[in-house]
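Breakdown of the fold
Next come the chains, spelled out residue by residue.
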Amino acid sequence: EKGGYEHFMLKEIHEQPKAVRETMSARVAKDHSAIIMEELKWNKEYLDSFQKIFVVACGTAYNAALVGKYYIEKLVRIPVEVDIASEFRYRSPIIDDRTLTIVVSQSGETSDTLAALKESKRLGAKTLAITNVVGSSIAREADQVIYTWAGPEIAVASTKAYTTQLITMFMLAMYMAGIKGTVTPERTKELLTQLHQIPAQISETLEDVEPIKTFAKEYGFNEDVFFIGRSLDYAVALEGSLKLKEISYIHAEAYAAGELKHGTLALIIEGVPVIALATQKNVYEKTLSNIKEVKARDAVVIGIASANDSELEKYVDHVIKVPETDELLIPILTVVPLQLLAYYAAITRQCDVDKPRNLAKSVTVE
Ligand code: M6R
């Protein structure tokens, strides 16, 4: 059942090219000119009626929602607020019939997410679920559903659900942009052509595991690990740190790189591993100065960069490169080495990878 892999998590990490391909198939026009969402059939009038979008979720799905906010705001120019489901329900969110609430849930059974969905509906919002389980409670409750076609995810640590959620968020934003006319046809073609290459590029990323295994062995017994990045890299840093703490029990924190100076830099001392993501052009130089700040405190820095980057390696101890793609899509690639790092760190520490202590696959209690 594990298909020759030692753990479900490793199997599911390796299933990502297929999961992403299946989630995309039938939704990307053959000539890469548009995204087709048969399940939505939205029009401009419907979209124009939304003044605000909420994206609500828990855990990894919340981390995917943060990327979704970036996509929708950048490509569609509608304000998006992301919230943790267990917070959202208790803070009297400002919702009416000009609100769209998107909930994201792999299982479709997370009780806080389901409750947030019901609360949104009660207040008059239109609702959309992004879920991996057909006929799940969240799928049944929402007005509309987009399924991720990741296939069953067994390991407690979410991997292929996350990458398919990112792909879905991206396709949704592009679909909305197509209706609103906020992205030019040329740019659309460029982005969708790059999107088409993502599954093969994930496979490429999966081939290069040896350096990751080495890092995991080297740093697997450290007490603390920090992840830093800006913009989309920060969202991926959050997911990388969640993966690491969840299955390897290493204390991991993700920080927006620019926030370090506001407190966390005090924790950066000699030998502390810092994973620094630096893939976003408009904040690249800023991230580089943050990397120099941690290097000046003798942290050990592992940089995550795009294949065309020849700068980062001058400032960090090791670099892991992912294939070149548009910087909007690169989170789908940069998360892969972070998943592998968490996996091999857990192996180094002899943790129960698929069933980490205290955690359940689906949180159906509050
Ligand atoms: O099934 P859901 O996507 O609603 O689950 C949400 C979280 O419980 C889940 O992502 C959790 O954080 C994972 N164990 C993370 O790997």
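The structure this text deals with has already been given above.
A brief structural summary. Not measured: the values here are computed from a predicted model.

Here's the deal with the pairing of strand β7 (residues 251-256)
- Two strands pair when backbone bridges link them, and strand β6 (residues 224-229) and β7 are joined in this way by 6 bridges, in the parallel orientation. When the bridges of β7 are listed, F226 appears paired with E253.
- Once the chain exits β6 it traverses helix α11 (residues 232-248) before rejoining the sheet at β7, and the crossover so formed is right-handed.

So, the sheet that holds β7
- Pairing is parallel in the open sheet, where 5 strands are placed in the order β7-β6-β8-β9-β10. Looking along the sheet, the strands with just one partner apiece sit at the ends: β7 and β10 (318-322). Taking each pair of neighbouring strands and ignoring which way they run, the sheet shows an average axis angle of 20°.
- Bridge count for strand β9 (residues 300-306) against β10 is 5 bridges, and the pairing is parallel. Residue pairing across strands places G303 opposite V319, the latter belonging to β10.

Thoughts on the nonpolar core
- Of all hydrophobic cores here, the largest spans 96 residues; its most connected members are L75, I102, F170 and L195.
- If near-sequence neighbours (up to four positions away) are discounted, I102 is found in contact with I53, F54, V55, V56, I72, L128, I130, M169 and L172.
- Grouped together as the second largest cluster of nonpolar side chains are 19 residues, I228, V274, V294 and A299 included.

Looking at the sheet that holds strand β2 (residues 80-84)
- The strand order across the open sheet built from 5 strands is β2-β1-β3-β4-β5, with neighbouring strands paired in parallel fashion. Where the open sheet ends on each side, the last strands, each with one partner, are β2 and β5 (144-147). Taking the axes of each pair of neighbouring strands and ignoring which way they run, one obtains an average angle of 20° across the sheet.
- Two strands pair when backbone bridges link them, and strand β1 (residues 52-57) and strand β3 (residues 99-105) are joined in this way by 5 bridges, in the parallel orientation.

Considering the site of the ligand
- Near the ligand, the surroundings consist of 13 residues, among which S105, Q106, S107, T110 and E246 are the closest.
- Here S107 contributes a side-chain N or O atom positioned 2.6 Å from an oxygen atom of the ligand.
- Contact distances for the ligand include 3.0 Å between a nitrogen atom and a backbone N or O atom of V156.
- Protein contact buries 90% of the 420 Å² of open area that the ligand shows by itself.
- If you map the ligand onto the pockets, it falls in the largest pocket.
- When residues of the shell around the ligand are traced back to their parent elements, those giving at least two are α4 (59-76) and α11.
- When residues of the shell around the ligand are assigned to their parent elements, the largest contribution, 3 residues, is made by α4.
- The residue makeup of the shell around the ligand, split by class, is 4 nonpolar, 7 polar and 2 charged.

Rules and cut-offs
Residues numbered from 1 in each chain as written. Predicted model: local features only at pLDDT ≥ 70, side-chain atom pairs only at ≥ 80, totals over all residues. Heavy atoms only, no water. Pairing = 2+ DSSP bridges. Helix = DSSP H or I, 4+ residues; strand = E, 2+ residues; numbered from the N terminus. Right-handed = clockwise from strand over helix to strand, strands pointing away. Axes fitted to C-alpha atoms, helices over the stretch in contact; angles between N-to-C directions. Core = buried A, V, L, I, M, F, W, Y, C linked by side-chain atoms within 4.5 Å. Buried < 20%, exposed > 50% of the residue type's maximum accessible area, 1.4 Å probe, protein only. Contact = heavy atoms within 4.5 Å. Near = heavy atom within 4 Å. Polar contact = N/O pair within 3.5 Å; in protein donor to acceptor, adjacent residues only side chain to side chain. Areas by Shrake-Rupley, 256 points an atom, 1.4 Å probe, with all protein chains shown as cover. 1 Å grid on protein atoms, 1.4 Å probe; cavity = no way out; pocket = protein on both sides within 12 Å on 5 of 7 lines; lining within 4 Å. Sits in = over half its atoms within 2 Å of the grid points. Nonpolar A, V, L, I, M, F, W, Y, C, P; charged D, E, K, R; others polar.

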